[in-house]
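Structural overview for review
Here are the chains, one letter per residue:
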Amino acid sequence: MIHDDMTQNEEKMAEMTMEKVKETIRDVPDFPKPGIMFRDITPVLENGSTFSYVLDHFEAYCRMKNPTCIVGIEARGFILGAPIADRMNVGFIPVRKPGKLPWATESESYELEYGSGSVEIHKDVLDSTDRVVIVDDLIATGGTALATCRLVEKLGARVEGLVALVDLAFIPWKDKLERYEVKTFVTYDSEE
Ligand code: AMP
C-alpha cells in the first residue's frame with residue numbers, strides 16, 4: 001500500500017528489488033580484454049533509487065556486524081563503502097593499488113590470470129581492537145578480497161565480513177574465501 005504522503009522517490013524505492021538492480025547493471029563484452037564480460041555497475045550509481053536501495057542493503061548487513069570501521073577496495077569499493085561508513089558514523093579505510101597511498105604501507109600480493117597484483121593499506125590505520133567489514137563492488141576470483149583480508153589481519157584487526165554487490169558464481173571464489181563470511185546481492189551463474 002503506497003500512502004499519498006509518500007514522495008515520488010519513496011514510491012520508487014518501495015518498488016525496487018535486487019532483480020531490478022541486476023537489470024540495471026550493464027554487460028560490456030570484451031572489456032578490459034577479449035573474453036571478459038564486464039559487469040558495469042555505473043548505471044546503478046547513476047540512478048538515485050537503485051543506488052540508495054543498494055546502500056540500504058549494504059548498511060543493514062554492516063550494522064549486523066557492528067564493525068569499528070569500513071574498509072573499501074579501490075575503486076568502486078570506495079563509492080559503496082564510504083557512504084556506509086558515514087551512515088554508521090564509523091571510519092572509512094581505503095585499500096589501494098600499489099604506490100597510491102602516501103604514508104607507510106603494508107602490502108599483500110595475489111595471483112592474477114597472468115602475473116600478480118597487489119594491494120596496500122596504511123600501516124597505522126588498524127590494530128587488534130578493530131573489527132572491520134570489507135566492501136567492494138564485485139567478487140570474481142576472490143583474489144583481491146582475500147589479499148585485503150590478509151592486509152587487515154596483518155595489522156592485527158579482525159575481518160567480521162565482506163560485502164559486495166555482485167559475485168560471479170561460475171568462478172570458484174568460495175573456496176578461496178571459505179574462512180570468511182561473504183554477503184552478495186546479485187549473482188551471475190555464467191559468463192553470458
Ligand atoms: P577478483 O580479485 O578476481 O575477485 O576481482 C575483483 C575485482 O576486479 C573487483 O574489484 C572488480 O571491480 C573487478 N572485476 C573483476 N572481474 C570483473 C567483471 N567481470 N566485471 C566487473 N568488474 C570485475
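Values in this document were obtained by computation on a predicted structure and should not be read as measured data.

**Some remarks on the site of the ligand**
As a structural note, the neighbourhood of the ligand is formed by 14 residues, with Arg-76, Asp-137, Thr-141, Gly-142 and Thr-144 the closest of them. Between the ligand and Asp-137 there is a distance of 2.8 Å, counted from an oxygen atom to a side-chain nitrogen or oxygen. Thr-144 is positioned with one of its side-chain polar atoms (N or O) 2.5 Å from an oxygen atom of the ligand. When isolated, the ligand has an accessible area of 490 Å², and the protein chains bury 82% of it. Comparing atom positions with the cavity grids shows the ligand to sit within the largest pocket. Elements supplying a minimum of two residues to the shell around the ligand: β2 (37–40), β7 (131–139) and α6 (143–154). The element that contributes the greatest number of residues to the shell around the ligand is β7, accounting for four residues.

**Some thoughts on α6**
With twelve residues, α6 extends 16 Å between its outermost C-alpha atoms, agreeing within 8% with the 16 Å of an ideal straight helix rising 1.5 Å per residue. Of all the residues in α6, the buried ones are Gly-143, Ala-145, Leu-146, Ala-147, Thr-148, Cys-149, Leu-151 and Val-152. Residue Gly-156 follows α6 closely and has a positive phi angle near 90 degrees.

**Let's talk about the nonpolar core**
Membership of the largest hydrophobic core comes to 28 residues, with the highest contact counts inside it found for Val-21, Phe-58 and Leu-165. Sorting the residues of this core by element identifies α2 (18–24), α3 (42–46), α4 (48–65), α5 (76–88), β7, β8 (158–168) and β9 (182–188) as the ones contributing at least two each. Residues contacting Phe-58, with those up to four places away along its chain left out, are Leu-80, Ile-84, Val-135, Asp-136, Val-163, Ala-164, Leu-165 and Phe-185. Of all hydrophobic cores here, the second largest spans 26 residues; its members include Ile-121, Val-132, Leu-146 and Leu-151.

**Description of α5**
Given a rise of 1.5 Å per residue, 13 residues ought to cover 18 Å, and the 19 Å separating the end C-alpha atoms of α5 matches this to within 8%. Of all the positions in α5, only Gly-77, Leu-80, Gly-81, Ile-84, Ala-85 and Met-88 are classed as buried. For α5, the angular spread of the buried residues around the axis is 130 degrees, confining them to a single face. Buried positions along α5 lie against α3, α4, β3 (69–73), β4 (91–95) and β7.

**Notes on the environment of Ala-75**
As for its placement among the helices and strands, Ala-75 is situated in the loop between β3 and α5. Taking the relative accessible area as the measure of exposure, Ala-75 reaches 41% and is therefore partly exposed. C-alpha separation for the pair Ala-75 and Arg-96, spaced 21 residues apart in sequence, amounts to 7.8 Å.

**A word on the layout of surface pockets**
Of the voids in this model, the largest pocket is the one considered here, and its volume is about 1,100 Å³. Forming the walls of the largest pocket are 37 residues, and the residues nearest its centre are Leu-112, Leu-138, Ala-140, Thr-141 and Thr-144. Counting residues per element, the lining of the largest pocket draws most heavily on β7, which supplies six residues. Among the residues forming the lining of the largest pocket, the class breakdown is 22 nonpolar, four polar and eleven charged.

**With respect to the side chain of Asp-130**
Tracing the backbone through its elements, the reader meets Asp-130 in the loop between β6 (116–122) and β7. The side chain of Asp-130 is buried and forms no salt bridge, while Arg-131, the nearest opposite charge, is found at 7.3 Å. Here the side chain of Asp-130 touches Thr-68 through a polar contact of 2.8 Å, side chain to side chain.

**As for unusual backbone geometry**
With an omega of 0 degrees, the peptide bond between Phe-31 and Pro-32 qualifies as cis. Its place among the elements puts Pro-32 in the loop between β1 (26–29) and β2. Following Glu-74, the chain continues into Ala-75 via a peptide bond in cis, with omega recorded as -5 degrees. Although it is not a glycine, Asn-66 adopts a positive phi angle of roughly 50 degrees. With respect to the helices, strands and loops of the structure, Asn-66 is situated in the loop between α4 and β3.

Analysis parameters
- Residues numbered from 1 in each chain as written.
- Predicted model: local features only at pLDDT ≥ 70, side-chain atom pairs only at ≥ 80, totals over all residues.
- Heavy atoms only, no water.
- Near = heavy atom within 4 Å.
- Polar contact = N/O pair within 3.5 Å; in protein donor to acceptor, adjacent residues only side chain to side chain.
- Areas by Shrake-Rupley, 256 points an atom, 1.4 Å probe, with all protein chains shown as cover.
- 1 Å grid on protein atoms, 1.4 Å probe; cavity = no way out; pocket = protein on both sides within 12 Å on 5 of 7 lines; lining within 4 Å.
- Sits in = over half its atoms within 2 Å of the grid points.
- Helix = DSSP H or I, 4+ residues; strand = E, 2+ residues; numbered from the N terminus.
- Expected span 1.5 Å × (residues − 1).
- Buried < 20%, exposed > 50% of the residue type's maximum accessible area, 1.4 Å probe, protein only.
- Core = buried A, V, L, I, M, F, W, Y, C linked by side-chain atoms within 4.5 Å.
- Contact = heavy atoms within 4.5 Å.
- Arc of directions from axis to C-beta.
- Points joined across faces, edges and corners; volume = space filled by probe spheres on them.
- Nonpolar A, V, L, I, M, F, W, Y, C, P; charged D, E, K, R; others polar.
- Lys, Arg positive; Asp, Glu negative; His and termini not counted.
- Salt bridge = Lys/Arg side-chain N within 4 Å of Asp/Glu carboxyl O.

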